[in-house]
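Given next are the chains, with one letter for each unit.
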Amino acid sequence: MEKKIALIPGDGIGPDIIKQGVRVLDAVAKKCGHVFNYETVLAGGCAIDKFDNPLPKESLDTCLAADSVLLGAVGGPKWDDVPSNKRPEKALLGLRAGMKVFANLRPAVMFKQLSAACPLKDEIVGEGLDILIVRELTGGIYFGDRGRNADNTEAFDTERYNVSEIERILKIGFESAMKRQKKMCVVDKANILESSRLWREVANKMHKDYPEVVLDFLYVDNAAMQLVRNPRQFDVIATSNMFGDILSDEASQVTGSIGMLASASLGDGTGPGLYEPIHGSAPDIAGKNLANPLATILSCAMMLRFDFKMEKEALMIEKAVDTVLDEGWRTGDIAGSDIDAIKAAGKLVGTDKMGDLVINAL
Ligand code: IPM
Ligand code: MG
């Protein structure tokens, strides 16, 4: 198959890790008889520097014309003081809205080889963690009306959801649960928020179409607590934009594998998805061959699975990453307290070498 992929390296370590993602994609393409063509576009801080605009129209257009989009990371302290309508984060929100990718899938998995990095006690994590957070991504308070009053003494933001927005995200939640442990927890604040009560109504109605899925609900404050108290109770968590933003950070930290976690943002299937590692742009180590490319490489696997329906190829990448970890190779961020021993064994590697290792293990 021939596919066109838009690349958004972005800022900080973005270019370092995207490079490795592309190398791995090309290696897979070669092995399996595909051709991937790439077009690199500017978005984020680098686009502010060049065009005074975090997401130039041509960048979005190139993404929309592609079969899939791979993003590294955007932002950094350099742009902390630019006006809010021009911050690098605007590029992310603009891409999500422009590409209509309303469902953000964030798997929070603990890699067994990295279990020492998990901050929770062994008896809490047991055999490991595997949670899928399904976050609504183009609605709610991040996109609702906001503003200030005339004399700047009051500000407001609005949480608003309609039934079809809730249905399309919960459909992805239910369908994901069917492929997993068949459990879905909808996280909300239905004891206070009217929009949450609508989420519950819609979820209960839709449940009739997915009778095999065990559906339950948690208030977000309780869910935040349960994620550290007993994270193994969760399979799929489906939630609104803001709650998903917060809980997905918590869940990823709980796994101890934050440098390893991928994500996919999907629309209704008629356009490209957006794939990115969940870690940030880490400007302090940018360009130093230190960044861990594995979350990006695993995001490429999600791209192959969801956008290109190349399940075999996706598994190939995931298995290769597993092999490399089994063999003890580590970048600095996942070396943990064993770092000296890993270094002494010659297994502490940089960005490029980690890419090489995955390619060799394919
Ligand atoms: C994320 C990030 C973004 C978000 C920011 C950078 C706008 O935190 O992808 O979770 O809040 O969605
Ligand atoms: Mg976030």
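Since we're looking at a predicted model, the values are computed, not measured. (Residues numbered from 1 in each chain as written. Chains lettered and ligands numbered in written order. Predicted model: local features only at pLDDT ≥ 70, side-chain atom pairs only at ≥ 80, totals over all residues. Heavy atoms only, no water.)

### Looking at the sheet that holds strand β2 (residues 35–40)
With respect to topology, 10 strands assemble into an open sheet ordered β2-β1-β3-β12-β11-β4-β5-β10-β8-β9, the strand pairing being mixed. If you trace the sheet from one side to the other, it starts and ends with β2 and β9 (214–219), each paired once. Sheet twist, expressed as the mean angle between neighbouring strand axes with direction ignored, is 25°. Note: strand β4 (residues 103–109) against strand β5 (residues 130–136), 7 bridges, orientation antiparallel. Across the sheet, residue Pro107 finds its bridge partner in β5, namely Leu132. The sheet strands contacting helix α8 (residues 220–229) are β5, β8 (183–188), β9 and β10 (236–239), and the helix crosses β9 at an angle near 105°. (Pairing = 2+ DSSP bridges. Helix = DSSP H or I, 4+ residues; strand = E, 2+ residues; numbered from the N terminus. Axes fitted to C-alpha atoms, helices over the stretch in contact; angles between N-to-C directions. Contact = heavy atoms within 4.5 Å.)

### Some words on the packing of helix α6 (residues 163–179) against helix α7 (residues 194–207)
Running from N to C, α6 and α7 point in directions that differ by 50°, and their axes come no closer than 10 Å. Judged by the angle between their axes, α6 and α7 are oblique. Crossing of α6 over α7 shows right-handed handedness. Mapping the contact onto sequence places Val163, Ile166, Glu167, Ile169, Leu170, Lys171 and Phe174 in α6 and Leu198, Trp199, Val202, Ala203, Met206 and His207 in α7. In the contact of α6 with α7, the residues fall into 10 nonpolar, 1 polar and 2 charged. (Parallel < 35°, antiparallel > 145°, perpendicular 65-115°, else oblique. Left-handed = near helix turned anticlockwise from the far one by under 90°. Nonpolar A, V, L, I, M, F, W, Y, C, P; charged D, E, K, R; others polar.)

### A short note on the domain arrangement of the protein chain
One can read the domain layout of the protein chain as domain 1 (1–100 + 274–362) and domain 2 (102–270). In this complex, domain 1 contributes 24 residues to the contact, which on the side of domain 2 involves 24 residues. Counting the surface lost from both domain 1 and domain 2, the interface buries some 2000 Å², and carbon and sulfur atoms represent 65% of this. When residues of domain 1 are sorted by the area they lose upon contact with domain 2, Arg96, Ile278 and Met302 head the list and together hold 30% of the total. At the boundary of domain 1 with domain 2, the tally comes to 2 salt bridges. Asp322 serves as the salt-bridge partner of Lys112, at 3.7 Å between the closest nitrogen and oxygen. At the junction of domain 1 with domain 2, the criterion picks out 8 residue pairs in polar contact (both at pLDDT 80 or more). Contributions of two or more residues to the side of domain 1 that touches domain 2 are made by α4 (88–99), β12 (274–277), α10 (294–306) and α11 (311–326). (Domains from an automatic or database assignment. Buried area = accessible area lost by both parts, 1.4 Å probe. Salt bridge = Lys/Arg side-chain N within 4 Å of Asp/Glu carboxyl O. Polar contact = N/O pair within 3.5 Å; in protein donor to acceptor, adjacent residues only side chain to side chain.)

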